[in-house]
Amino acid sequence: MGEARRRLAGRLRAVGGESAALDARLLIEGATGNRFALSDPSALLDDASATILSGYAERRLAGEPVWRILGEREFWGLPFKLSPATLEPRPDSETLVEAAVEMLRERRGEPLSIVDLGTGTGCLLISVLSEFPRAHGLGVDLSEEARATAAGNAALNGVAERATFRQGNWTQGIEGYFDLILSNPPYIRHGDIAGLAPDVRDFDPLLALDGGADGLDPYRDFARSLPGLLAPRGVIVLEIGAGQEADVTGLMEQSGLRHIGARHDLGGHARALIFAGRR
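About the thresholds
- Residues numbered from 1 in each chain as written.
- Predicted model: local features only at pLDDT ≥ 70, side-chain atom pairs only at ≥ 80, totals over all residues.
- Heavy atoms only, no water.
- Helix = DSSP H or I, 4+ residues; strand = E, 2+ residues; numbered from the N terminus.
- Rg over C-alpha atoms; globule rule 2.2 N^0.38 Å.
- Buried < 20%, exposed > 50% of the residue type's maximum accessible area, 1.4 Å probe, protein only.
- Contact = heavy atoms within 4.5 Å.
- Areas by Shrake-Rupley, 256 points an atom, 1.4 Å probe, with all protein chains shown as cover.
- Lys, Arg positive; Asp, Glu negative; His and termini not counted.
- Charge placed at Lys NZ, Arg CZ, Asp CG, Glu CD.
- Expected span 1.5 Å × (residues − 1).
- Arc of directions from axis to C-beta.
- Phe/Tyr/Trp six-rings, centres within 6.5 Å; stacked < 30°, edge-to-face > 60°.
- Core = buried A, V, L, I, M, F, W, Y, C linked by side-chain atoms within 4.5 Å.

S.K.: I keep staring at the overall build of the chain and nothing clicks. Help me out?
M.R.: For the chain, the count of helices and strands is 10 helices and 9 strands. Taken over the C-alpha trace, the chain has a radius of gyration of 20 Å; the compact-globule value for 279 residues is 19 Å, and the two agree within 12%. Each of the three principal axes of the chain carries a C-alpha extent, and together these read 65 × 40 × 35 Å. Every one of the 279 residues in the chain was classed for burial, and the buried ones make up 49%. Long-range contacts, defined as pairs at least 24 residues apart, comprise 65% of the intrachain contacts of the chain with a sequence gap of at least 6. Taken as a whole, the chain presents about 13100 Å² of accessible surface, with 50% of it coming from carbon and sulfur. Counting 30 positive and 39 negative side-chain charges, the chain places the averaged centre of each group 3 Å from the other.

Rendered as structure tokens:
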């Protein structure tokens, strides 16, 4: 085991892998199906696991992200299966869950209604449902494959009875009022996509990246549609990209919403914007 990790880490490092040692460990754990595979570095790597690891190594050397190879990534302490139609859940997006929990902490015992627009893996909705045991939610995604992935993740994490997923275009066809509206929409400017890091550009779905010419197309849609879906005490939590805070805040305020504040990600950037209805 130890020798396999050293060799794989060396190969990854030789092609510029910045997290070569960690990647090697994760791939060995995935190939063996054992999170503690390397607890005894002198243990033998069996032939079946070695074959799987060889395939994993070639994919990683070709640039495929580790979590894509393994097909699952943790978010908010929960496991989420991935598919080609979904973004990888990333730690910065946990900022949205933190903001939602903070804003609604006094209402944990209420049967809150939640909608997650562009749900992807369902990580935002499912994570919030894990914190609010009486809440129920709707996840919407334009991709049927993403919808199915999210539904599977709800079952995996024990909230399937409180989560519904549908294929749809943002808020079209949605009725009722919601105590929490969540979204991590595509917000990359169309012209910037070619310059993204290869692990994003080549493996994350374009549908979940491209926010139009200025990256703001989804927020314009939200400015038109979200005020009419927000319950009287409800809040909206939206993910944004770097440098978009002022533009998105302006769009939402022009629609009659009240900007409550922003929450910053691990890098110190404004990541989640919070809005409520006018008093």
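S.K.: What is the right way to look at helix H1 (residues 2-14) in this model?
M.R.: If you check H1, its first and last C-alpha atoms are 18 Å apart, about what 13 residues at 1.5 Å a residue would give, namely 18 Å. When H1 is considered as a whole, its buried residues turn out to be Gly 2, Ala 4, Leu 8, Ala 9 and Leu 12. Each buried residue of H1 lies within a common arc of 155° when the element is viewed along its axis, so the set occupies one face. Of the exposed residues in H1, those oriented more than 90 degrees away from the buried face are Arg 6, Arg 7 and Ala 14. On its buried face, H1 sits against helix H2 (20-32) and helix H3 (47-61). Looking at the residues trailing H1, positive phi occurs at Gly 16, about 95°.

S.K.: What am I meant to see in the environment of Asp 210 here?
M.R.: In this fold, Asp 210 is placed in the loop between helix H8 (198-201) and helix H9 (217-225). In this structure, the C-alpha to C-alpha distance between Asp 210 and Ile 188, residues 22 residues apart in sequence, is 5.2 Å. Contacts of Asp 210, omitting those with residues within four sequence positions, involve Pro 186, Ile 188, His 190 and Ile 193.

S.K.: What is the right way to look at the packing of aromatic side chains in this model?
M.R.: For any two aromatic rings, the description comes down to two numbers: the centre-to-centre distance and the angle of the planes. Here the structure, examined in full by the defined rule, presents 3 aromatic pairs. Seen in terms of ring centroids, Trp 170 and Phe 222 are 5.1 Å apart; in terms of plane orientation they differ by 80°. Their pairing is edge-to-face. In this pair, Trp 170 sits in the loop between strand S5 (163-167) and strand S6 (178-183) while Phe 222 sits in helix H9, placing the two residues 52 residues apart along the sequence. The pair Trp 170 / Phe 222 is uniform in exposure class, with both members buried.

S.K.: I keep staring at the environment of Gly 33 and nothing clicks. Help me out?
M.R.: Structurally, Gly 33 can be placed in the loop between H2 and H3. Residue classification places Gly 33 among the exposed positions, given a relative accessible area of 67%. Put simply, Gly 33 and Thr 121 are 88 residues apart on the chain and 22 Å apart in space, counted from C-alpha to C-alpha.

S.K.: Looking at this structure, how should I read the nonpolar core?
M.R.: Here is a general trend for soluble globular proteins: nonpolar side chains tend to be buried in one another's company. By size, the foremost hydrophobic cluster in this structure holds 33 residues, and its most contacted members are Leu 117, Ile 181, Tyr 219 and Met 252. Those elements giving two or more residues to this core turn out to be strand S3 (113-117), strand S4 (136-141), S6, H9, strand S7 (230-239), helix H10 (245-254), strand S8 (257-264) and strand S9 (270-277). Of all hydrophobic cores here, the second largest spans 30 residues; its members include Val 101, Val 128, Leu 182 and Val 237.

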